[in-house]
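Each chain, written out:
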Protein chains: 2
Amino acid sequence: MSAETPSKRRGRPTVRAERSAATHTPPPLDERYAEELKLWVVLSRATAAIRRHTEADVARHGLSIAEFGILEVLYHKGPLLLGEIQRRILVSSGGITFLVDRLAEKGLVAREACPGDRRARYAVLTPAGRVLMKRIFPGHAEVIAGALAGLSRDERRIATKLLRDLGRRAAESAASGTV
Amino acid sequence: MSAETPSKRRGRPTVRAERSAATHTPPPLDERYAEELKLWVVLSRATAAIRRHTEADVARHGLSIAEFGILEVLYHKGPLLLGEIQRRILVSSGGITFLVDRLAEKGLVAREACPGDRRARYAVLTPAGRVLMKRIFPGHAEVIAGALAGLSRDERRIATKLLRDLGRRAAESAASGTV
DNA sequence: GACTTATATCTCAGTAGTAAGATTGTTCCT
DNA sequence: AGGAACAATCTTACTACTGAGATATAAGTC
């Protein structure tokens, strides 16, 4: 309910709004969960708005969010099995193969055999990948911090706690379905 | 940092973890924005977890989230111009055409001419669409409420306020790019 | 050691969505 | 009225990603 872009609405006769309102029979009373629905709306919207910031930032370097996510996790955690990355960045099994392929083509990531298990492959950052992350990660962190600047430090702390609880519980009650 | 699925890890020799940790040179100090990054992580994760609930629910009726979003906004607001829907559910201009086409094929939505402006089209719920929403919306609201049950009523209220502020500000500072 | 079950990744077909530009229509200005 | 500028939707080509199944490997059981 706050997504209305101001927009000069030049070519828009006012007939429309009236009509919109006029023929509408009021919704059946689903007031019961109004507050919950509202929370879900603001949660989705906030996430989408911030994601637009992060997408725009990584796009400047020719990366998608998912690609950047892989680079970031490798940058901070070191070599990881493809499946481990998959669980962290929440992408399908086919997706992780595809994404690592593409990062490999770009020369940012390489696959390495896993000594103890010949089914498994590690993804590792190449030197070029590491250099790239070193160069762009700090700016990315700044973009995120900027996008979160609508809250004070204390508010951010509270939000973090609430969202952690919320996410944990929601993930638990979602049965089975990761892949 | 909490996405590790427990998983019985039967076929997984322990060699791997050691190696992972061993060859990893510690990340350069990006402690500066650690709290902000954390908030962004829990925010994304919570949203993703809840979205999985909502997706699973609407999929039972053969709908995608975007399709459901259109039906819902029409259900609650009455006929709307395609552009208005687009701004509300945050999809590209091509996307809204595609989605309304598909809902029209399913017989849930129809296009109607706009009396005052022949470029514009209204989307309206067909009787079948209205019946469907009447039938499935309450259950959907319940699913959402259930997914949010990790927070108490007071916590939800606080979260709503914080997220509204956060989203508003983040949307403002994202220049231009809606389409 | 053969068999069953589980795991890790990959392949491939299909889907949902985006982005850029085309088309058609509207308003403003002279 | 004529033309410039702007707006709403649609078209088309493309991309990222999903999901089901395939392949190869591993571990536990008898």
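Here the structure is a predicted model, which means the values were calculated and not measured.

Undergrad: Quick question: what am I supposed to make of the overall build of chain A here?
TA: Each helix and strand in chain A was counted, giving seven helices and three strands. Element order for chain A, N to C, with α for helix and β for strand: α-α-α-β-α-α-β-β-α-α. Looking at chain A as a whole, 31% of its 179 residues are labelled buried. The contacts of chain A with a sequence gap of at least 6 include a subset with a gap of at least 24, amounting to 48%.

Undergrad: It is not clear to me how the sheet that holds strand β1 (residues 80-81) of chain A should be interpreted in this structure. Could you clarify?
TA: Residue and element names in this part refer to chain A. Within the open sheet, the three strands sit side by side as β1-β3-β2. Their pairing is antiparallel. The open sheet has two free edges, formed respectively by β1 and β2 (109-113), since each of these has just one partner strand. The sheet contact formed by β2 and strand β3 (residues 121-125) spans five bridges and is antiparallel. Paired with A110 across the strands is V124, a residue of β3.

Undergrad: How do you make sense of the environment of D165 of chain B when you look at a structure like this?
TA: Tracing the chain through its elements places D165 of chain B in helix α7 (residues 153-173). Since 17 C-beta atoms lie within 10 Å of it, D165 of chain B is described here as partly exposed. For the pair D165 of chain B and G129 of chain B, spaced 36 residues apart in sequence, the C-alpha separation works out to 34 Å. What D165 of chain B contacts, discounting residues up to four positions off in sequence, is G150 and L151 of chain A.

Undergrad: Help me out: how do you make sense of the sheet that holds strand β2 (residues 109-113) of chain B in this one?
TA: Strand-to-strand pairing in sheets goes through backbone hydrogen bonds, with the strands running parallel or antiparallel. All names here are of chain B. Read across the sheet, three strands follow the order β1-β3-β2 without closing on themselves; strand pairing throughout is antiparallel. What marks the edges here is a single partner per strand, and that holds for β1 (80-81) and β2. Most of the contacts of helix α5 (residues 93-105) go to β2, to which it runs at about 115°, and overall it touches β2 and β3 (121-125).

Conventions used here
- Each chain carries its own residue numbering, running from 1 in the direction its sequence is written.
- All chains are assigned letters beginning at A, and all ligands numbers beginning at 1, according to the order in which they are written.
- Reporting in this predicted model follows two pLDDT cut-offs: at least 70 for local features of residues, and 80 or more for side-chain atom pairs to be given and counted; totals over whole chains, interfaces and linings ignore these cut-offs and use all residues.
- Helix and strand assignments come from DSSP, with helices taken as H or I runs of at least 4 residues and strands as E runs of at least 2, each series counted from the N terminus.
- Our exposure labels follow a C-beta count within 10 Å of each residue's own C-beta, placed from the backbone: buried means 20 or more other C-beta atoms, exposed means 12 or fewer, and partly exposed covers the counts in between.
- In this description, any two residues whose backbone-derived C-beta atoms lie within 7 Å of each other are considered to be in contact.
- Any two strands are treated as partners once DSSP identifies two or more bridges connecting them.
- Each axis is a line fitted through C-alpha atoms, and for a helix only the stretch in contact is used; angles between axes span 0 to 180 degrees, taken between their N-to-C directions.

Any functional reading would require information that these geometric values do not contain.
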